[in-house]
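Summary of structural features
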Amino acid sequence: MSSSRSSSSAPRAWQRMLSGRRLDLLDPSPLDIEVEDIAHGLARVARWNGQTHGPYIFSVAQHSLLVEAVLRLKSPRYDHSAALAAMLHDAPEYVIGDMISPFKAVIGGAYKEVEKRLLGAIHVRFGLPAEIDPALERRIKAADRGAAYLEATTLAGFGVTESKRLFGSDPGLPDDIRTDLLTPWPIGKAEKRFLARFQTLLD
């Protein structure tokens, strides 16, 4: 078999974005990443496989803003770079989707490796280290769990006892922020709010 035939028959590992970029999922380049593509994609990806209350999905874009808000509450001395890392913690899902944790455990290492490469490229594109400081990573994971607790008990039908066992405790967001960020938004609003917050943190 000729090399040209081998290459043409190889599985496609890239996705074309609406920006015109062509992102290689196996070897992603920071140059092929645009925040507008991330916001567009994340606003259309449903958390909890869509099993949430309300007329709209609870998007990964909105979840990202919730995680960043929880991080700010728990770690108010973190700078904009840390907040940006929190906001981008699930950014690879704009191309690989949001898989619930039980399914990620079944798939194992391959999914995590692709996710890690994408996140590293996204970080570099926006001026962050490819791998963030482990202490900050732990803080972001804690904020992610706090956000999951709020989503589980408010939107996804989980009881408080079960949520505490799975996700930890209520992070204690002020009522106004909690109401705003836990009321599922239309896709367009989620995309615009994500982009606005991103720009604030990048400036």
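About the criteria used
Residues numbered from 1 in each chain as written. Predicted model: local features only at pLDDT ≥ 70, side-chain atom pairs only at ≥ 80, totals over all residues. Heavy atoms only, no water. Helix = DSSP H or I, 4+ residues; strand = E, 2+ residues; numbered from the N terminus. Rg over C-alpha atoms; globule rule 2.2 N^0.38 Å. Buried < 20%, exposed > 50% of the residue type's maximum accessible area, 1.4 Å probe, protein only. Contact = heavy atoms within 4.5 Å. Axes fitted to C-alpha atoms, helices over the stretch in contact; angles between N-to-C directions. Parallel < 35°, antiparallel > 145°, perpendicular 65-115°, else oblique. Left-handed = near helix turned anticlockwise from the far one by under 90°. Nonpolar A, V, L, I, M, F, W, Y, C, P; charged D, E, K, R; others polar.

The name given to the protein chain in an unreviewed UniProt entry is Metal dependent phosphohydrolase, with the source organism recorded as Rhodopseudomonas faecalis.

**Here we look at the overall build of the protein chain**
If you tally the helices and strands in the protein chain, you get eleven helices and two strands. Traced from its N-terminal end to its C-terminal end, the protein chain shows the element sequence α-β-β-α-α-α-α-α-α-α-α-α-α. Here the C-alpha radius of gyration of the protein chain, 18 Å, is about what a compact globule of 203 residues would show, namely 17 Å. Overall, the C-alpha framework of the protein chain stretches about 65 × 35 × 35 Å when taken along its three principal axes. Taking all 203 residues of the protein chain together, 43% fall into the buried category. Excluding contacts between residues fewer than 6 apart, the proportion of contacts in the protein chain whose partners are at least 24 apart in sequence is 64%.

**As for the packing of helix α4 (residues 80–87) against helix α11 (residues 187–202)**
Where α4 meets α11, the closest approach of the two axes is 9 Å, and the angle between their N-to-C directions is 150°. Our classification of the angle between α4 and α11 gives roughly antiparallel. Seen from above, α4 lies across α11 with left-handed handedness. In this structure, α4 uses His80, Ala83, Leu84 and Met87 to contact α11, whose residues at the interface are Phe194, Arg197, Phe198, Thr200, Leu201 and Leu202. Grouping the amino acids of the contact of α4 with α11 by side-chain chemistry returns seven nonpolar, two polar and one charged.

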